[in-house]
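Summary of the model geometry
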Amino acid sequence: MPAPVVTTRPAAALGLVMTALVVVYLVWGSTYLAIRVVVEDAPPLLGMGSRYATAAVLLGLLLSLRGGLRRLLVTRRQLAGCAFLGLMLPVLGNGMVSVGENLGAPSGITALLIAIAPLMITLFRFAAGDRPRLLSLVGVLLGLAGLGYLVLAGRGASEPVPLLAAGIVLLASTCWAFGSWVQPRLPLPADAFVMTVHEMWTGGLMLLALGLASGERPDLASYGARTWLAWGYLVVFGSMLAFTAYVWLLSNAPISLVATYAYVNPVVAVLLGALILDEPVTSAVLVGGGIIVAAVAIVISVERPRRPAPLEDR
């Protein structure tokens, strides 16, 4: 049996890893606001399905212009691997989060529930016999505690989260974590851009089929400019840029380092809410945000990519 691609791939440059991380941190943090705007008018499953399908077509066209249609060719096993990730990430991950919010889960509590992803990844690692470093576990737990303080201390008077909505969001976070953890173990294209195209179009079609089967129907004429702008932002920045960066990171950086996005994204969302929606920055935001930043610093210091050792002269 040939060795998996990930074991023969050279180590990625530290600068590229950090650049991709910053893209995921900032862009996905801003998609909380964009998704909220889109689902105000558009059905959640159809809205997210059309987002991923459109992004896949656009990214596929760009790759074809640069390398021809042959660049997009994959084997059946690779396509099956991409489709499985399309199910875990766009469908059960992102799609179910939109459904949970549509059923009444507040965005802040949703962010807290989504942030269990690094903890779930750590549990998957333990189950597979991988033992993360002690400081990685400390960083995960500290980040979860900081996010809990950020959300709960700032929302003490909020209404309780509907049980069904909370369950759906927790399922979404767990599926996203499992897909992220299992990706390096699947037969996938070596080109991260090609992998992303096939993940997005398969996931997008599944979301569209689920939306139509559940009774969702689009009403394009009723969507305002605000909805279309938010949807376009999700297509270009949330999917084509940030999702590609995330998929690339999963194959080129330690999973504990990649998973820190789950702590930073809610902080970015809070800051954008203050800047765009004039929401107050409370002491809970400052204290919780500080704890989260410290947790991310711990994980980055422990799990940062190591530079490959120079070859010895022979």
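Quick notes on the rules
- Residues numbered from 1 in each chain as written.
- Predicted model: local features only at pLDDT ≥ 70, side-chain atom pairs only at ≥ 80, totals over all residues.
- Heavy atoms only, no water.
- Phe/Tyr/Trp six-rings, centres within 6.5 Å; stacked < 30°, edge-to-face > 60°.
- Helix = DSSP H or I, 4+ residues; strand = E, 2+ residues; numbered from the N terminus.
- Buried < 20%, exposed > 50% of the residue type's maximum accessible area, 1.4 Å probe, protein only.
- 1 Å grid on protein atoms, 1.4 Å probe; cavity = no way out; pocket = protein on both sides within 12 Å on 5 of 7 lines; lining within 4 Å.
- Points joined across faces, edges and corners; volume = space filled by probe spheres on them.
- Nonpolar A, V, L, I, M, F, W, Y, C, P; charged D, E, K, R; others polar.
- Core = buried A, V, L, I, M, F, W, Y, C linked by side-chain atoms within 4.5 Å.
- Contact = heavy atoms within 4.5 Å.
- pLDDT = per-residue confidence, 0-100.
- Salt bridge = Lys/Arg side-chain N within 4 Å of Asp/Glu carboxyl O.
- Expected span 1.5 Å × (residues − 1).
- Polar contact = N/O pair within 3.5 Å; in protein donor to acceptor, adjacent residues only side chain to side chain.
- Bend = angle between axes of the 7 residues up to and from the residue.
- Axes fitted to C-alpha atoms, helices over the stretch in contact; angles between N-to-C directions.
- Parallel < 35°, antiparallel > 145°, perpendicular 65-115°, else oblique.
- Left-handed = near helix turned anticlockwise from the far one by under 90°.

**Section: the packing of aromatic side chains**
This model, assessed by the stated rule, comprises 15 aromatic pairs. Ring geometry for tryptophan 28 against phenylalanine 243: centres 6.5 Å apart, planes inclined by 45°, an arrangement best described as tilted. Taken as a pair, tryptophan 28 in helix α2 (residues 14-41) and phenylalanine 243 in helix α10 (residues 225-252) lie far apart in primary sequence, 215 residues in all. Comparing tryptophan 28 with phenylalanine 243, the two get one shared label, buried.

**Overview of empty space enclosed by the protein**
Enumeration according to the criterion identifies 1 cavity of 30 Å³ or more in this entry. When its volume is computed, the largest cavity comes out at roughly 330 Å³. Forming the boundary of the largest cavity are 18 residues, of which Tyr32, Asn94, Val97, Ile114 and Tyr261 lie nearest the centre. Residue assignment for the lining of the largest cavity shows that the elements contributing at least two residues are α2, α3 (44-67), α4 (76-102), α8 (163-182) and α12 (261-277). Here the lining of the largest cavity is built from residues that sort into 11 nonpolar, 5 polar and 2 charged.

**Digging into the nonpolar core**
Trp28, Phe243, Tyr246, Leu249, Tyr261 and Tyr263 are the most contacted members of the largest nonpolar core, which has 84 residues in total. The contact partners of leucine 249, leaving out residues within four places of it in the chain, are Val17, Ala20, Leu21, Val24 and Val258.

**Some remarks on the confidence of the model for the protein**
Mean pLDDT over the protein works out to 81, with 86% of the residues at or above the 70 mark. The secondary-structure element of the protein with the lowest mean pLDDT is helix α1 (residues 5-8), recorded at 43, while helix α9 (residues 192-213) shows the highest, at 94. Throughout residues 1-9 the model reports pLDDT below 50, and contacts reaching past four residues in sequence, or to other chains, amount to 5 contacts. Here residues 306-314 scores under 50 on pLDDT; set against residues more than four positions off or in separate chains, the count is 4 contacts.

**Observations regarding the environment of proline 266**
Relative to the helices and strands, proline 266 resides in helix α12. We classify proline 266 as buried; its relative accessible area is 4%. Between the C-alpha atom of proline 266 and that of serine 30, which follows or precedes it by 236 residues, the distance is 8.9 Å.

**Let's talk about the pattern of salt bridges**
According to the stated counting rule, one finds 2 salt bridges in the structure shown. Close ionic contact of arginine 226 with glutamate 40 constitutes a salt bridge, the shortest N to O distance being 3.2 Å. Here arginine 226 is found in helix α10, whereas its partner glutamate 40 is found in helix α2, with 186 residues between them in sequence. Here arginine 71 ties to aspartate 191 by a salt bridge, and the two come within 2.9 Å at their closest N and O atoms. Residue arginine 71 is found in the loop between α3 and α4, and its partner aspartate 191 is found in the loop between α8 and α9; the two are separated by 120 residues along the sequence.

**Overview of α9**
Taking 1.5 Å of rise per residue, the 22 residues of α9 would be expected to cover 32 Å, and the 31 Å separating its terminal C-alpha atoms lies within 8% of that figure. Near the N-terminus of α9, the side chain that reaches the backbone nitrogen of phenylalanine 193, with its oxygen 2.9 Å away, is that of aspartate 191. One or two steps after α9, the chain reaches glycine 215, where phi turns positive at roughly 100°.

**Quick look at α10**
For an α-helix the count is 3.6 residues per turn, leaving residues at separations of three or four pointing the same way. Given a rise of 1.5 Å per residue, 28 residues ought to cover 40 Å, and the 38 Å separating the end C-alpha atoms of α10 matches this to within 8%. Along its length, α10 reaches its greatest deviation from straightness, about 30°, at glycine 238.

**Here's the deal with the packing of α3 against α10**
Running from amino to carboxyl end, α3 crosses α10 at an angle of 60°, the nearest separation of the two axes being 9 Å. It follows from the interaxial angle that α3 and α10 lie oblique. For α3 against α10, the interelement crossing comes out right-handed. Along its contact with α3, which presents Gly47, Met48, Ser50, Arg51, Tyr52, Thr54, Ala55, Leu58, Leu59 and Leu62, the element α10 presents Trp231, Leu234, Val235, Gly238, Ser239, Met240, Phe243 and Thr244. Here the residues of the contact of α3 with α10 are counted per class, giving 11 nonpolar, 6 polar and 1 charged.

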